[in-house]
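# Working through the structure, step by step
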Amino acid sequence: MDPFLLEAIVNGILLGGVFALPVLGLNLVFGVVDVVWLCYAELVMVGMYCVWFLYTQAGFPLALAFLVCLPVVGLLGLLLHQVVVRPLLNSPPITQVLATGGVIFVLQGSAMLAFGTDFRSLGVEMPPIEVEDIFISGTKLVAFVAALLGAGALWTFLKFTYVGTAIRAIARDREVMPLMGVDPKRIYMVASAIGGGLAGLAACLLVVQLDVHPYIGLSFGPITFMICVMGGLGNMLGGFLAAFLMGVIVSTGGFWWNTEMSYVVAFACFIVVMFARPRGLFAR
Amino acid sequence: MEGAVLRLEGIRAGYGDFQALFDVGLTVSPGEAVGVVGPNGAGKTTLLRVISGMLRPKAGMARFGETDIAATPAHVLPAVGIAHVPENRRLFPHLTVEENLKVGAYIPAARKRFAERCAYVYDMFPRLRERRHQLAGTMSGGEQQMCAIGRALMCSPRILLLDEPSAGLAPLVVAQVFELVQRIRGEGLTVLIVEQNVAQVLRVVDRAYVLDAGHVVAEGSSAALAADPAIRSAFLGGH
Amino acid sequence: MIRVAVVVFAILAVLPLLGLPDYFMHLGIATMLIALSCTGWALMGRFGLVSFGHGAFIGIAAYTMALLWNDVGLSPWIGLPAGVSLAVAAAALLAYPCFRLRVVGHYFALVTLAAGEIVRILIVALRDYTGGSLGMTPRLAPDHAVAAMQFGKQGFWWIALIAWGIGIFAWWRIDRSMSARALSAIGEDEDAAAAIGIRVTREKMAITLLSAGLAALGGALGAQYRLYLNPETLAGIGVSLQIVFGALAGGMYSMLGPTVGAAFTTALEEVLRVAFGTAFIGAAPLIYGILLVLFIQFLPRGIVGWFDRRR
C-alpha cells in the first residue's frame, strides 16, 4: 500500500481516538439526561484555555495543569446542568438543546473577554516516531493512548460501580429508578460532571495538538455531533466505533483532496449513513 | 388495627383532574400478606404508587412505620424498607440479571450486603443463578418476574409491594409465580399484592381489600371473601 | 393578527418617505430581512420540525446569486430566484429522505446541522471562486444599479418590506389552510395523523420547502443589500442558531412572533455593539448568550406568546 495512504489511515485512527472522548461525553449526557449539549465543544475550548493558562501563564507543570483541567471542566459540566438544563427538564427537548446553544455564545464571549481572540499555543512538541516507512506524530500517539485509557476508565466505571450501573439503567427507564432508591437528579448531576470531565480530558489531548482560540469549538463541534448520531445517540459503543470510522474518513479524505473537502466528504457520508440507518450505524 | 406496619387513611389521589382513589384506607400488619383485588382501572396500581412514593396523594395519611410516606421523596423509601415490584416488571432488559440485582442494591445499606443478598436471592431462585450473566431482556416472562422480585429483595425490604405479578404470563407460569409469593411469605416478609387474578391471590394472602372505581367496596379475610356470594359472582365466576 | 400585520406593513411602507437617518434605515432593512428568515424557520419549527440547518439554504442562495453575477454576469433579478430555487432543491434533497425514513427530533436537528456545516465548509473550500473565509463582494455596477439590484437604502427598504410581506402572507395563508391542521396533527403524533389519512411526508415536504425558500430569500437579499458575502455569516451553525433564536425569542407560534424576535435580537446585538465597541471584545456575545438562555427559561413562548397569555 502507498505509505502516505497508510500514514493517513493511521493518523485517522489516532484522530478517532481524540474524537471518541467528546462523543462518549455527549452520549453519556444524552443517554442519562436526554439532552444534547450543543455547547460541548465549547466546554472543550474552556478546558484548552485552562491548560494553556496554567502551563504558560501560571507556570504549572504540564501534568498538574492537566490534572486541574479535568475537575474544572467537570465542574463546568455540572454547573451547565444545574443552571441551564435542570430548570428546563420538563420543557420540550428543543428548548433544552437551544438553551445549551445559547451557552455557546456565553463560553465564546467569556473566553474572548479573558484571553482575547489570539491563537494561543502550548509550544509542546514531541518528536515523530518512524515505523517502517511512515511517520507518526508523537503527540498524536500519546493523545490517542490517553484517549483510550480515558474511555477504558469510563467503561470500568459504568460496568463495575453501583452508580455506573444505575447510569446505564436510567438511560432505559428513568421513571422506575426511585423504586430502587436511586435519585434521578443525583444521577443527572453525576453524568453531567463526568460528561464535563471527559470534555476536560479531550481538552488536554487537543491543546497539545492545536492552538486554542475562542472559536475553536466550531472546528470540531459539528463533527462530534455527527459521530454521535452516526453511532446512535446515547449508544456509547456505537459512538466509540463511529469516532474511528469518521477519523479515518476525514484523514484519508485529506489524503485524496484537502482538509476542508475531507470534512465535506465526512459530513456527506454522515447524511448518507443517516438515510441508510436512521437510528445510527450500530442500532439494534 | 394496632401494630400495623403500613397504614393508609382517607387517601385521595389521581392524575391531573382525574381522581383514581377516593378516601381509601388500608392497614397491613407485620408478617401479613394482604391482597388488593378489583377490576381493571379500579385504582389498584395507583394505590401501590402512592405507597411507594411515586405518586403524591392529594389528601389523606399514609404511614409506613414511623415514616410519613407522603412527605418522603420516593427514592428514600427503599432505605426505609419499602420495595415495589412495578407493573410489567420494568427490568432493565439491556443489563444482565446480576446487574439488575446490582441496581436493586443501589442504596448504601444494601451495597454493603450485596454478596449476602445476592446469595439469598439466588438460593430462592436458582434459575437466576444459572442466568446471572444473561441479559434480562432475553429471559422468559416467568424468569423476568423472578428477576424483578429478586431486584426488589436486594435492599432487604420490610414490605414487598407486588403489582400484577401474574400479568402477561402463561397459566402454568402464573401458578409458579404464586408459588414464589408463598415462598417469600415463608421468609417472614410482609407482602402487599395487587392482582386481577382474584381466585389465585385469595389462596396466598391472609386478608384482602376489594377496590372498585377508586373505593374500597369490601375487605376481610381471604376465606370470608372467597365465600362472599357478591365477590364470587363478580370475580370468581361463581365456582 | 393579520390586521396588525397589514397596519405594520403600511406604516413601514411610508417610513422611507420621511427621510429618516441612514442608520435607522439600515437597521430597519436588516431587521426585515432577518425577520423573513426567522418567519420562514418558524413556519416549520412551530410544527415540531426543528432545523439547525437553515444557514445551508441561505448560503446556497446567496452564493449562487453572487457567483452568477460576478462570473456569468447574470443579474441578481434572475440570480436571486435561481439561488432560492437551488436552495429549495437542496432542501428537498435533504428533507425527502429524512421524512420518508422518519428521521425526527434530535436526529433531524443534527442532520440539518450537518447540512449547514457542509455548505459552510464547501464555501470555504471553494475559495478560488468564493473567496473562502475572507468573503466576497458582488461586482459594483453604478451605471446599471437597477439591473444589478444595487439600490440605496430607500430602494432596498421597499424590496425588504415586500419580501417580508411575502413571508407574513405565506404564514397567513397556511394558517387558513387545511395544511396547518394536518401539520398540527403530524406534530402531535405522526402515526395517528397518517392513520386518519393525512399524507405526512407530503405535508412536511411542502412546509419545509416553503420554509427553506423564505429563509433563503431573506438571507440572500441581506447579502445583496450589504454587498458582502461571508461563509460564517451566511451558512453554518452560527447563522442557523441566530435564526432559531430570533424565532424563539419573539415566539414561534405567532405570525408576528419571529418578526418581533428578529427586531429584538437585532436591537440587542446593536445595543451591545454600541455599548462595548471594541473595548471589551467578548462582552457582547457573553451578554447575548446569557439573555438567550434566560429567555428560553423564562419566556419559552417568546415575547409575543407572553403578551398573548397576559391578555
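Everything numeric here is computed off the predicted structure, so don't read it as measured data.

Here we come to the overall build of chain C. The helix and strand inventory of chain C stands at 15 helices and 0 strands. In terms of overall size, chain C behaves like a compact globule, its C-alpha atoms giving a radius of gyration of 19 Å where 311 residues would be expected to give roughly 19 Å. The dimensions of chain C, computed from C-alpha atoms along their principal axes, are 60 × 45 × 40 Å. Going through the 311 residues of chain C one by one, you find that 56% of them count as buried. Of the contacts made within chain C by residues no fewer than 6 positions apart, 78% connect residues no fewer than 24 positions apart. A total of about 13,300 Å² of accessible surface is found on chain C, and carbon and sulfur atoms cover 67% of it.

Let us now look at a nonpolar patch on the surface. A surface patch of nonpolar side chains, about 470 Å² in accessible area, is lined by Val 72, Leu 74, Trp 77, Ile 78 and Val 146 of chain C. Summarising the element assignment, Ile 78 of chain C is placed in helix α4 (residues 76–100).

As a further point, take the sheet that holds strand β9 (residues 207–212) of chain B. What holds strands together in a sheet is hydrogen bonding between their backbones, with the strands either parallel or antiparallel. Residues and elements named next belong to chain B. Taken in spatial order, the 6 strands line up as β6-β7-β8-β3-β9-β10 in an open sheet, and their pairing is mixed. If you trace the sheet from one side to the other, it starts and ends with β6 (82–85) and β10 (215–221), each paired once. Strand-to-strand, the axes of this sheet are offset by a mean angle of 15°, without reference to chain direction. Judged from the 4 bridges that link them, β6 and strand β7 (residues 159–163) form a sheet pairing that is parallel. When the sheet's bridge partners are listed, Val 85 is paired in β7 with Leu 162.

Turning our eyes to something else, we now look at the packing of aromatic side chains. Under the counting rule described, the total for this entry stands at 20 aromatic pairs over all chains. The interplanar angle of 50° and the centroid separation of 6.0 Å between the aromatic rings of Phe 53 of chain A and Phe 115 of chain A together place this pair among those described as tilted. Taken together, the residues span a long stretch of sequence, with Phe 53 of chain A in helix α2 (residues 40–57) and Phe 115 of chain A in helix α4 (residues 93–115) at a distance of 62 residues. Taken together, a centroid distance of 4.8 Å and an interplanar angle of 50° make the contact between Phe 264 of chain C and Phe 295 of chain C tilted. In this pair, Phe 264 of chain C is assigned in helix α13 (residues 257–276) and Phe 295 of chain C in helix α14 (residues 283–298), connecting sequence segments 31 residues apart. Classification of Phe 264 of chain C as partly exposed rests on a relative accessible area of 26%.

What follows covers the environment of Ile 196 of chain C. Relative to the helices and strands, Ile 196 of chain C resides in the loop between α9 (190–195) and α10 (200–226). Separated by 19 residues in sequence, Ile 196 of chain C and Ala 215 of chain C have C-alpha atoms that sit 31 Å apart.

Below, the discussion takes up the interface of chain B and chain A. Between chain B and chain A, the residue contacts involve 23 residues of the former and 21 residues of the latter. Taking both partners together, chain B and chain A bury about 2,200 Å²; carbon and sulfur atoms supply 63% of that area. The largest share of the area that chain B buries against chain A comes from His 75, Lys 102 and Tyr 106 of chain B, three residues that together contribute 29% of it. Taken together, the connections running from chain B to chain A amount to 5 salt bridges. Of the charged contacts in the structure, one is a salt bridge between Arg 90 of chain B and Glu 175 of chain A, with a shortest N-O distance of 3.1 Å.

In this complex, chain C contributes 42 residues to the contact, which on the side of chain A involves 44 residues. Carbon and sulfur atoms supply 84% of the area that chain C and chain A bury against each other, a total of about 3,700 Å² over both sides. In terms of surface lost to chain A, no three residues of chain C exceed His 106, Tyr 107 and Leu 110 of chain C, which account for 19% of the buried area on that side. Connecting chain C to chain A are 4 residue pairs in polar contact (both at pLDDT 80 or more). Residue assignment for the side of chain C that touches chain A shows that the elements contributing at least two residues are α4, α5 (105–125), α12 (237–250) and α14 of chain C. For the side of chain C that touches chain A, the residue count by class is 34 nonpolar, 4 polar and 4 charged.

Moving on, we get to the UniProt feature "transmembrane region" (unreviewed entry) in chain A. Residue and element names in this part refer to chain A. Per the UniProt annotation, the sites labelled "transmembrane region" (unreviewed entry) are residues 12–30, 37–55, 61–85, 97–115, 135–158, 187–208, 214–233 and 263–282. End C-alpha to end C-alpha, residues 61–85 measures 35 Å, and it is 96% helix and 0% strand. Along residues 263–282 one finds 70% helix and 0% strand; the C-alpha atoms at either end are 22 Å apart.

Residues and elements named next belong to chain B. Along the chain, Thr 46 falls in helix α1 (residues 44–51). Overall, Thr 46 belongs to the buried group, its relative accessible area being 7%. Residues within four places of Thr 46 in sequence aside, it is in contact with Ala 13, Tyr 15, Ala 20, Leu 21 and Leu 55.

Bringing the pairing of strand β8 (residues 190–195) of chain B into the picture now. Two faces belong to every sheet, and in a regular strand the side chains alternate between them. All names here are of chain B. Among the 6 residues of β8, 6 are classified as buried, and the element is accordingly described as predominantly covered. Of the two faces of β8, the one carrying Thr 190, Leu 192 and Val 194 and the one carrying Val 191, Ile 193 and Glu 195 are both buried. By the bridge criterion, 5 bridges tie β7 to β8 in an arrangement that is parallel. By the bridge assignment, Asp 163 is partnered in β8 with Val 194. In the classification by handedness, the crossover that spans β7, the intervening helix α8 (residues 171–186) and the parallel β8 is right-handed.

A separate point is the pairing of β9 of chain B. Residue and element names in this part refer to chain B. Of all the 6 residues making up β9, 5 are buried; the element is thus mostly covered by neighbouring parts of the structure. Examined bridge by bridge, strand β3 (residues 33–37) and β9 share 4 bridges and lie parallel to one another. For Val 34, the partnering residue across the bridge sits in β9 and is Arg 207. Pairing geometry for β9 and β10, over 6 bridges, is antiparallel. Counted as the bridge partner of Tyr 209 is Glu 219 from β10.

A few words on the UniProt feature "transmembrane region" (unreviewed entry) in chain C. Residue and element names in this part refer to chain C. Listed under "transmembrane region" (unreviewed entry) in the UniProt record, and renumbered for this structure, are residues 29–45, 52–69, 75–95, 107–126, 155–174, 206–228 and 274–299. As a span, residues 29–45 carries 100% helix and 0% strand, and end to end its C-alpha atoms are 24 Å apart. From the first C-alpha to the last, residues 155–174 spans 29 Å; its make-up is 100% helix and 0% strand.

Now for the state of the cysteines. Within this structure, the stated rule accounts for 0 disulfides over all chains. No disulfide involves Cys 204 of chain A; its nearest neighbouring cysteine sulfur is the one of Cys 69 of chain A, lying 3.9 Å away. Looking at Cys 204 of chain A, the relative accessible area reads 4%, which means it is buried. Summary of cysteine pairing: Cys 98 of chain C is not part of a disulfide, and the nearest cysteine sulfur, belonging to Cys 269 of chain A, is at 16 Å.

What counts, and at which threshold
Residues numbered from 1 in each chain as written. Chains lettered and ligands numbered in written order. Predicted model: local features only at pLDDT ≥ 70, side-chain atom pairs only at ≥ 80, totals over all residues. Heavy atoms only, no water. Helix = DSSP H or I, 4+ residues; strand = E, 2+ residues; numbered from the N terminus. Rg over C-alpha atoms; globule rule 2.2 N^0.38 Å. Buried < 20%, exposed > 50% of the residue type's maximum accessible area, 1.4 Å probe, protein only. Contact = heavy atoms within 4.5 Å. Areas by Shrake-Rupley, 256 points an atom, 1.4 Å probe, with all protein chains shown as cover. Patch = residues over 30% accessible without salt bridge, like charges linked within 9 Å, V, L, I, M, F, W, Y side chains within 5 Å. Salt bridge = Lys/Arg side-chain N within 4 Å of Asp/Glu carboxyl O. Pairing = 2+ DSSP bridges. Axes fitted to C-alpha atoms, helices over the stretch in contact; angles between N-to-C directions. Phe/Tyr/Trp six-rings, centres within 6.5 Å; stacked < 30°, edge-to-face > 60°. Buried area = accessible area lost by both parts, 1.4 Å probe. Polar contact = N/O pair within 3.5 Å; in protein donor to acceptor, adjacent residues only side chain to side chain. Nonpolar A, V, L, I, M, F, W, Y, C, P; charged D, E, K, R; others polar. UniProt positions renumbered as here; feature names shortened; annotations may be inferred. Right-handed = clockwise from strand over helix to strand, strands pointing away. Disulfide = S-S within 2.5 Å.

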